[in-house]
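# Survey of secondary and tertiary structure
Here are the chains, one letter per residue:
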Amino acid sequence: MRALPAAFGEYRWAPSTEAIAAELGLDPALIRRFDGNVPASPSPTAGPAFIVDALAKVNEYAHGGFPALVDAIAEYAGVEPQNVVLGAGADDLILLSARTFAGPDDVVAIDVDPTYPLFRIAAHLAGAEVGDVDPAVTFTCRPNNPTGALGSLSFARPLVVDEAYFEYAGETAAGLIGDGIVVLRTFSKAFGLASARVGYALADAATAAELDRRQAPQPISGISAALALAALAAGPPDVREQVAERDRCAASLGEIGLGSLPSRANFLFVPMENPDGVGAALLRQGLVVRVFPDGIRFSVRDRDDDDRLLEALAAAAEYR
Ligand code: PMP
């Protein structure tokens, strides 16, 4: 086995809802997850009717890939089909980008800190180190996870811009793919298809071809491709409700004396003194947030669930 760098730490998922419920002695139906940065329910357009055709062909490989999906993504993103690379979620494309641009003895730069942990993991898995000097590639996240900030676009090239939350912010670097930028996007967030595992990269045609050469032969399933195509066929996702709910939550937090960082995504980061204590207090009530060393992050769900969380936060004395 090839040794991993000493600094490597694998990605760690939070426990399942069932495991959390069992640990707390609660009914799993009472658990509310605010830790996934995904919508509270599937998109109404992505229902079973759309996958009937894919199920009828489930014994076949999708010979020739998924050109209809690639075409639809290209149209949605305002690029040509040869600029699109499919992957099993943005995560897969982060790993693909790292191994395409970097290898042993290379340095991978990560533009913001804190940010999405998979950039570092992907760099290490590619055999590269994370640093700032002469990077082979730079990763950045806009809007950033966990802060929600839409930072300025680095001048570093090549630059991989993770736009997992692009739809909520409405700002993209897709117009710069001719200038050494690779944009990564996903169907997991605004399209509500996290479990389907569909993402895509946008890059100039030559870079896209090089990414594709290093990609698995068929990284997404026919069923997932059908779900993504169905979602796109319904038109651009409407994020207005989620954005308004995010801003309502931010205002409510202010009223209870807790500030949140300005967010352009579907989650809020709340800096606080004692995030472990607050996180534990929320968890005892079945409210699962993401705990960081200097705050908690929660994704916006719906008014009822969010009110439950806001009330519990107001009552959690630990942060004072
Ligand atoms: N990038 C960022 C910034 C994310 O927050 C996430 C979701 N955790 C991902 C990528 C992964 O998304 P996907 O489900 O498309 O792999």
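Residues numbered from 1 in each chain as written. Predicted model: local features only at pLDDT ≥ 70, side-chain atom pairs only at ≥ 80, totals over all residues. Heavy atoms only, no water.

### Let's talk about the packing of aromatic side chains
So the rule is basically this: Each Phe, Tyr or Trp ring (for Trp, its six-membered ring) is paired with any other whose centre lies within 6.5 Å, and the angle between the two planes then decides the class: stacked below 30 degrees, edge-to-face above 60, tilted in between. Charge over a ring is defined by NZ of Lys or CZ of Arg lying within 6 Å of the ring centre and within 35 degrees of the ring normal.
Scanning all chains against the criterion turns up 10 aromatic pairs. Considering the side-chain rings of Tyr-11 and Trp-13, the 5.2 Å spacing of their centres and the 70° angle between planes classify their relative orientation as edge-to-face. Members of the aromatic cluster, each reached through a chain of ring pairs, are Tyr-11, Trp-13, Tyr-116, Phe-119 and Phe-139. Arg-185 extends its terminal NZ or CZ atom over the ring of Phe-166, reaching a point 3.8 Å from the ring centre.

### A look at the sheet that holds strand S12 (residues 295–299)
Pairing between sheet strands relies on hydrogen bonds along the backbone, with the strands arranged either parallel or antiparallel. Going by this rule: By this definition, two strands are paired if DSSP reports at least two bridges between them. Think of it this way: any DSSP run of H or I at least four residues long counts as a helix, any run of E at least two long counts as a strand, and we number them from the N terminus. Axis geometry follows a simple rule: fit a line to the C-alpha atoms, using only the stretch in contact for helices, then measure angles between N-to-C directions, giving values from 0 to 180 degrees. In this analysis, two residues are considered to be in contact whenever any of their non-hydrogen atoms come within 4.5 Å of each other.
Reading across the sheet, the 3 strands line up as S9-S12-S11 and stay open at both edges, with antiparallel pairing between neighbours. The open sheet has two free edges, formed respectively by strand S9 (267–271) and strand S11 (290–292), since each of these has just one partner strand. When the angles between neighbouring strand axes are averaged without regard to direction, this sheet yields 20°. Pairing between S11 and S12: 3 bridges, direction antiparallel. Bridging across to S12, Phe-292 finds its partner in Gly-295. Each of S11 and S12 touches helix H10 (residues 275–284); the most contacted strand, S11, lies at about 165° to it.

### Section: the site of the ligand
Worth spelling out the cut-off: Put simply, a residue is near a molecule or strand once any heavy atom of it comes within 4 Å of that molecule or strand. The definition of a polar contact used here is a pair of N or O atoms within 3.5 Å, where within protein one atom must be able to donate a hydrogen and the other to accept one, and adjacent residues in sequence count solely through side-chain atom pairs. The Shrake-Rupley method, run with a 1.4 Å probe sphere, supplies the accessible areas, and residue values consider only the shown protein chains as cover.
The environment of the ligand is formed by 13 residues, the closest being Ala-90, Asp-162, Tyr-165, Thr-186 and Ser-188. With respect to the ligand, the backbone of Ala-90 contributes an N or O atom lying 2.6 Å from an oxygen atom. Within the contact set of the ligand, an oxygen atom lies 3.0 Å away from a backbone nitrogen or oxygen of Asp-91. When the free accessible area of the ligand is taken as 400 Å², the share hidden by the protein chains comes to 92%.

### A short note on the domain arrangement of the chain
Keep this limit in mind: An automatic or database domain assignment supplies the residue ranges for each domain. A 1.4 Å probe defines the accessible area here, and the buried area is the portion of it lost by two parts on being joined, summed over both. Counted as salt bridges are all cases of a side-chain nitrogen of Lys or Arg within 4 Å of a carboxyl oxygen of Asp or Glu.
Taken domain by domain, the chain holds domain 1 (17–37 + 238–319) and domain 2 (49–233). A straight line from the C-alpha centre of domain 1 to that of domain 2 covers 28 Å. Listed by partner, the interface residues are 15 residues for domain 1 and 15 residues for domain 2. Interface area, domain 1 with domain 2, both sides summed: about 1,200 Å², of which 58% is carbon and sulfur. Interface area lost by domain 1 to domain 2 is led by Val-239, Arg-264 and Phe-267, which between them contribute 46%. Taken together, the links from domain 1 to domain 2 amount to 1 salt bridge. With a closest N to O distance of 4.0 Å, Arg-264 and Glu-171 form a salt bridge.

### Observations regarding the environment of Asp-306
What counts here: We call a residue buried when its accessible area falls under 20% of the maximum for its residue type, exposed when it is over 50%, and partly exposed in between, using a 1.4 Å probe and counting protein chains only.
As for its placement among the helices and strands, Asp-306 is situated in helix H11 (residues 303–315). Relative accessible area serves as the criterion here: at 0%, Asp-306 is assigned to the buried category. Residues Asp-306 and Cys-249, spaced 57 residues apart in sequence, show a C-alpha to C-alpha distance of 7.3 Å. The contact partners of Asp-306, leaving out residues within four places of it in the chain, are Phe-34, Glu-245, Arg-248, Cys-249, Ser-299, Val-300 and Arg-301.

### Section: the confidence of the model for the chain
To keep things clear, this is the line we draw: A residue's pLDDT is simply how confident the predictor is in it, with values from 0 to 100.
Residues with a pLDDT of 70 or more make up 98% of the chain, whose mean pLDDT is 95. Per-element confidence in the chain is highest for strand S8 (residues 199–202), whose mean pLDDT is 99, and lowest for helix H2 (residues 52–56), whose mean pLDDT is 90.

### Some details on H10
Among the residues making up H10, those that are buried are Pro-275, Gly-277, Val-278, Gly-279, Ala-281 and Leu-282. Tucked into the core, H10 has its buried residues touching strand S10 (287–288), S11, S12 and H11. At the C-terminal side of H10, Gly-286 shows a positive phi close to 85°.

### Topic: the packing of helix H4 (residues 89–101) against helix H5 (residues 118–125)
What counts is decided by this rule: By the definition adopted for this analysis, an angle is roughly parallel if under 35 degrees, roughly antiparallel if over 145, roughly perpendicular if from 65 to 115, and oblique otherwise. Each crossing gets its handedness from the near helix: less than a right angle anticlockwise from the far helix is left-handed, clockwise is right-handed.
The N-to-C vectors of H4 and H5 enclose an angle of 40°; their axes lie 8 Å apart at closest approach. When the interaxial angle is binned, H4 and H5 end up oblique. Considering the relative orientation of H4 and H5, their crossing is right-handed. On H5, the residues touching Asp-91, Ile-94, Leu-95 and Ala-98 of H4 are Leu-118, Phe-119, Ala-122, Ala-123 and Leu-125.

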